[in-house]
Amino acid sequence: MIIRSLLTNKNPFNSIEEIRQWIRQRNREVDVRIEKIPFANMTMWHLDEDGSIHHDSGRFFSIVGIDIKTDYGEPQNWRQPIILQPEVGYLGILTKEIDGVLYFLMQAKIEPGNVNCVQISPTLQATKSNYLRIHTGKSPNYLEYFVNAKPENIILDQLQSEQGARFLRKRNRNIIIKVDEEVPVLEDFRWMTLGQIKQLMYEDNMVNMDTRTVLSGLKISDFITPLDDLHDMSQFGRDMILSSITNHCFTSTRNHLSWLTGLKSQYDLMVAQCPILDMPGWRMTKNEIVRDDERFFKIIGVNVTISNREVSSWCQPLVQPMQQGLCVFIIRKINGVYHFLVQAKLECGNFDVMELAPTVQCLTGNIPDNPNLQPDFYQYVVNARQEQVVFDTLQSEEGGRFYKEQNRNMIIEADDDFPLEVPKRYTWMTLRQIYEFLHFNNYLNIQARSLISAISYKTI
């Protein structure tokens, strides 16, 4: 039923065009107003003497300063603001089998930082403070299905990390459940097939980050049965299935584990909280926390009105990017099997020093002209020929914490002469090996998971 859903782009509930029209309609109908305001004007928030920003309830999240010391790369010591949100939230998708096809109940959700207001989101997207109703608003829709889910109804259940450069050790519960009973479809929700969701990922800023991270956990090859009709699967899709099941790999999983363990052991990452008002290279004004050179990101305050939310009006801080990001997997066939070029990347908010990341993950605003100072493989990516590009869209970061942040997401197929020998922090993995790591917590970062979710098994 998952494979039929993956290969079905038409459904009796909504066509792709009807979904697009629904998103446009919700953008017209829902009142959305986002106003940048001084920190002192953020109702229900307060500034501490050290410059950190906290909610009056002590819940939701805070903006704090951190001091980072590491012996990895340059710089090796710096201070920056970061989001502190120790609670684990729900990112949940409710599914139901209808006429042999699994349908996913998706939400047209508006977040204050979204580039284009409405994006296709999970059924449930809620922090613990949200579903405990600390805001005194309504309980999130469909929460009871996830709270009361039985083990036999759970298709996927993982704790996965958030952006390691912006959150301090933040995780969410990524969960997909299947129900048999009738489910009321509320105004901002629609049934979609997995194939439709993946097709919509090829459009800029249509499917939000939370949907992408949840769906990344579905190892498609695990759901293929002898009864499945795979004639609609593309050749690329078949090649990806092979990559996800084969034992023929360039490097064994055991060696990958030893490689990653060795890197984690080699490098130190020490993170301690520090005053925001004592962060060299940063300044705090009444409206923002920003670097003196205006690079990377800044913290702003906003007043939000969204008419269809559990609480229709509130204030909060947001992280605003100063540059657009680039996240790219380079893939190539090795002995006939697709391998992904994966890097071990240290970010200050990581739980365990390093996580597996795309081949290239960087900000594009201040790339040095000297190729020797550029990120590894950056030149290969920017000079890739069009026929090498498998996937290329602008994808938004999570709009509940980030203000109009988007990254260019790409998958690029390398030529046969692309070197198999790569720098120490890189390794070649089959899709099966990536899923072996993805099965556990805090191995694959959210940028890598976003790209894995975009793999299409059907011709788009």
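Throughout this description, residue numbers start from 1 for each chain and increase along the sequence as written. Local features in this predicted model are restricted to residues of pLDDT 70 or higher, and side-chain atom pairs are both shown and tallied only at a pLDDT of 80 or more, whereas totals for entire chains, interfaces and linings draw on every residue. Values reported for side chains reflect all heavy atoms of the structure, with hydrogen atoms and water molecules removed beforehand.

Undergrad: Help me understand the side chain of Arg 166, please; the structure alone is not making it clear to me.
TA: Secondary structure counts use DSSP, requiring at least four H or I residues in a row for a helix and at least two E residues in a row for a strand, with both numbered from the N terminus. Within the fold, Arg 166 resides in the loop between strand E10 (154–161) and strand E11 (171–179). According to the relative accessible area criterion, Arg 166 is buried, its value standing at 8%. The term polar contact refers here to a pair of N or O atoms within 3.5 Å; inside protein, the definition further demands a hydrogen-donor-capable atom paired with an acceptor-capable atom, and it admits residues adjacent in sequence only when both atoms are side-chain atoms. Reaching out from Arg 166, the side chain makes a polar contact with the side chain of Glu 405 at a distance of 2.9 Å. The buried label goes to any residue with under 20% of its type's maximum accessible area, the exposed label to any with over 50%, and the partly exposed label to all in between, with areas taken from a 1.4 Å probe on protein chains only.

Undergrad: What exactly am I supposed to notice about helix H11 (residues 446–453) here?
TA: Because an α-helix completes one turn every 3.6 residues, residues spaced three or four positions apart along the sequence face the same direction. With eight of eight residues buried, H11 lies mostly within the body of the structure. For H11, the set of buried residues is Ile 446, Gln 447, Ala 448, Arg 449, Ser 450, Leu 451, Ile 452 and Ser 453.

Undergrad: Hey, could you run me through unusual backbone geometry in this one?
TA: Glycine aside, a negative phi is what most residues show, and trans is what most peptide bonds show. Going from Glu 74 to Pro 75, the amide bond is cis rather than trans, its omega being -5°. With respect to the helices and strands, Pro 75 occurs in the loop between strand E4 (62–70) and strand E5 (77–84). Positive phi values are uncommon outside glycine, yet Tyr 142 reaches one of about 70°. Its place among the elements puts Tyr 142 in the loop between helix H3 (128–131) and helix H4 (143–147).

Undergrad: Sorry if this is basic, but what is going on with the packing of helix H8 (residues 253–266) against helix H10 (residues 431–438) here?
TA: Packed helices, taken two at a time, are described by the angle between their axes plus the distance between the axes. To get an axis, a line is fitted to the C-alpha atoms, and for a helix only the part in contact is used. The angle between two axes follows their N-to-C directions and goes from 0 to 180 degrees. With their axes 11 Å apart at the nearest point, H8 and H10 run at an angle of 55° to one another. Here H8 lies oblique to H10, going by the angle between them. The hand of the H8/H10 crossing is right-handed. For the pair H8 and H10, contact is made by Thr 253, His 256, Leu 257 and Leu 260 and by Arg 432, Gln 433, Glu 436 and Phe 437, respectively. Only Asp, Glu, Lys and Arg are considered charged, only Ala, Val, Leu, Ile, Met, Phe, Trp, Tyr, Cys and Pro nonpolar, and every remaining residue, Gly among them, polar. Here the residues of the contact of H8 with H10 sort into three nonpolar, three polar and two charged. In this scheme, roughly parallel covers angles under 35 degrees and roughly antiparallel covers those over 145, while 65 to 115 is roughly perpendicular and the rest are oblique. Left-handed is the label given to a crossing in which the near helix is rotated counterclockwise from the far helix by less than a right angle, and right-handed is the label when the rotation is clockwise. Here, two residues are considered to be in contact whenever any of their heavy atoms come within 4.5 Å of each other.

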